[in-house]
Amino acid sequence: MTVILRLSIINAIGGAEVYAKRGIRMMIRHVALIIVVLCMAAAAVAEDVVEPERTVSIVQVMNRGDISRYNIKVQASGKTTLPGASEPMPLDLLLDLSVLFKTESTPEADVTQTIMTTERASAMIAGQRTELPNEFFGKTTVFIGENGEIIRLLNSDESSTKLPGVNSRNLILLFRINAPAGDLKPGDTWKKTVVLPPSKEKYELTYKLEALEEVKGQQTARIRMDIAVIPPAGENYTSSGFAVGNFLLSNGKLVKSHAEMTVKVANKGPETPSGTSTANVSGEIDTHIKIDIQEIALDPKK
């Protein structure tokens, strides 16, 4: 009897151990299942949480004494018909410029002037390189009001503003973004109509903040500008294109830019007594222009 009792107790204990082990395994499975469900729920919640999109306010600050230097490369290709010629000739031109920008004060307290001076200029025409005098593009002075608007331009050589598609007026526009006040986020757009006195030429500009990105360790805004030029009455040309530039978030200064413009000029010759145009003294230009601007470090010795 005693033996049977002992066996019963042993069997009972063994059965309890088996059940206990099964219970522990089931508990572990339930806990694991709960953990999996909680992780899935957390992941679903995480997917629903949208990080707030970064916004920036871009203000171009022009301080008296600011100096910047840029390398500007202009490539023009197409065709032109010179006055007196009956057949067009290919146009292949490459300009390489080093330009200095310096901001100075004016007698008017709320107006600054930025002077653009060519320090070096060369041209590659039909494979031949030619050094140009720095005065070729003249000196351009841009007067800027307290609100950042360009009030007027002054050129030491007005011929530098008459080169279609490649002139100091076009270049100045590539350094300006005319951003509205307030916060902007990638994808935002804005428009601006610009007239640069004394010229009556209008520029219809559409801007888009494409991205916020780092360039050479600096935080910048990449901005696209679509350009449509509206010529004054009596001028027979068309010009349009785009530019994409990176501007510092800290002060709005241009770091680099790439622009492309298409320019078509059709100058009719003087009319004959019969009222027809004299084709052999007309001039035409049909060209595509690429402009690359890159800020370069200032030489501390200068």
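Above this text you will find the structure in question.
Presented here is a report on the structure given in the accompanying data block.

Cut-offs used in this document
- All residue numbers refer to position in the chain's written sequence, counted from 1.
- At least 70 in pLDDT is required for a residue's local features to be given in this predicted model, at least 80 for side-chain atom pairs to be given and counted, and no such filter applies to totals for whole chains, interfaces and linings, which use all residues.
- In computing side-chain values, all of the structure's heavy atoms are included and hydrogens and water are not.
- Helix and strand assignments come from DSSP, with helices taken as H or I runs of at least 4 residues and strands as E runs of at least 2, each series counted from the N terminus.
- The buried label applies to any residue whose accessible area, calculated with a 1.4 Å probe on protein chains only, is under 20% of its type's maximum; exposed applies above 50%, and partly exposed to all values in between.
- Contacts: residue pairs with any heavy atoms within 4.5 Å of one another.
- Whenever a carboxyl oxygen of Asp or Glu lies within 4 Å of a side-chain nitrogen of Lys or Arg, that contact is scored as a salt bridge.
- Only when DSSP finds a minimum of two bridges between them are two strands counted as paired.
- In the analysis that follows, any N or O atom pair within 3.5 Å is treated as a polar contact, provided that within protein one partner can donate a hydrogen and the other can accept it, and provided that, for residues neighboring in sequence, both atoms belong to side chains.
- Only rings of Phe, Tyr and Trp enter the pairing, Trp through its six-membered ring, and a pair is recorded when the two centres are within 6.5 Å. The plane angle decides the type: under 30 degrees is stacked, over 60 is edge-to-face, the rest tilted.

## Re the side chain of Ser 68
Next up, step 1: By the secondary structure assignment, Ser 68 is in strand β1 (residues 67-81).
Next up, step 2: When its relative accessible area of 10% is taken as the criterion, Ser 68 is described as buried.
Next up, step 3: Dropping the residues within four chain positions of it, Ser 68 is found in contact with Val 99, Leu 100, Phe 101, Lys 253, Glu 295 and Leu 298.

## So, the pattern of salt bridges
Next up, step 1: Applying the stated rule across the entire model yields 11 salt bridges.
Next up, step 2: Put simply, Glu 119 and Arg 69 hold a salt bridge, and the shortest N to O gap is 2.6 Å. You can see Glu 119 sitting in strand β3 (residues 112-125) and its partner Arg 69 sitting in strand β1, a full 50 residues away along the chain.
Next up, step 3: Owing to a relative accessible area of 28%, Glu 119 belongs among the partly exposed residues under this scheme.
Next up, step 4: Accessibility expressed as a relative area gives 9% for Arg 69, which makes it buried.
Next up, step 5: Via salt bridges that share partners, Lys 73, Asp 96 and Arg 120 belong to a single interconnected network.

## Side note on the pairing of strand β5 (residues 139-144)
Next up, step 1: Summarising burial for β5: 5 of the 6 residues are buried, a large majority.
Next up, step 2: Looking at chain direction, β3 and β5 are connected through 6 bridges and run antiparallel. Across the sheet, the residue bridging to Met 116 is Thr 140, located in β5.
Next up, step 3: In this structure, the hairpin formed by β5 and strand β6 (residues 150-155) is closed by a connection of 5 residues, where Gly 148 is found at a positive phi of approximately 90°.

## Some details on the environment of Ser 122
Next up, step 1: Considering the arrangement of structural elements, one finds Ser 122 in strand β3.
Next up, step 2: Overall, the relative accessible area of 1% leaves Ser 122 in the buried class.
Next up, step 3: C-alpha of Ser 122 to C-alpha of Asn 134: the two residues are 12 residues apart in sequence and 9.1 Å apart in space.
Next up, step 4: Once residues lying within four places of it in the same chain are set aside, the contact partners of Ser 122 are Leu 94, Leu 95, Asp 96, Arg 129, Thr 130, Glu 131 and Leu 132.
Next up, step 5: Here the side chain of Ser 122 touches Arg 129 through a polar contact of 3.1 Å, side chain to side chain.

## Some words on the packing of aromatic side chains
Next up, step 1: This model, assessed by the stated rule, comprises 4 aromatic pairs.
Next up, step 2: Consider the rings of Tyr 70 and Phe 101, whose centres lie 5.6 Å apart with planes at 90°: the pair is edge-to-face. Remark: Phe 101 occurs in strand β2 (residues 89-105) and Tyr 70 occurs in strand β1; sequence separation between them is 31 residues. For the pair shown, Tyr 70 and Phe 101 are each scored as buried.
Next up, step 3: Each ring, one from Phe 101 and one from Phe 175, has its centre 4.6 Å from the other, and the planes form 40°; the classification is tilted. With Phe 101 in strand β2 and Phe 175 in the loop between α2 (168-174) and β7 (189-195), the pair connects residues that are 74 residues apart, well separated along the chain.
Next up, step 4: In textbook terms, an aromatic cluster arises when at least three aromatic residues are bridged by ring pairs, as seen for Tyr 70, Phe 101 and Phe 175.

## Comments concerning unusual backbone geometry
Across residues other than glycine, the phi torsion is negative in most instances, and most of the peptide bonds are trans.
Next up, step 1: Non-glycine residue Asn 178 carries a positive phi angle of around 50°.
Next up, step 2: Note on placement: Asn 178 falls in the loop between α2 and β7.

## Considerations on the environment of Thr 193
Next up, step 1: Relative to the helices and strands, Thr 193 is located in strand β7.
Next up, step 2: When neighbours within four sequence positions are excluded, Thr 193 is seen to be in contact with Lys 202, Tyr 203 and Glu 204.
Next up, step 3: A polar contact of 2.7 Å, which involves the side chain of Thr 193, links it to the side chain of Glu 204.

## Digging into the side chain of Thr 112
Next up, step 1: For Thr 112, the location among the structural elements is in strand β3.
Next up, step 2: Those residues in contact with Thr 112, other than ones at most four positions away along the chain, are Met 62, Arg 64, Thr 103, Glu 104, Thr 106, Val 142, Phe 143 and Ile 144.

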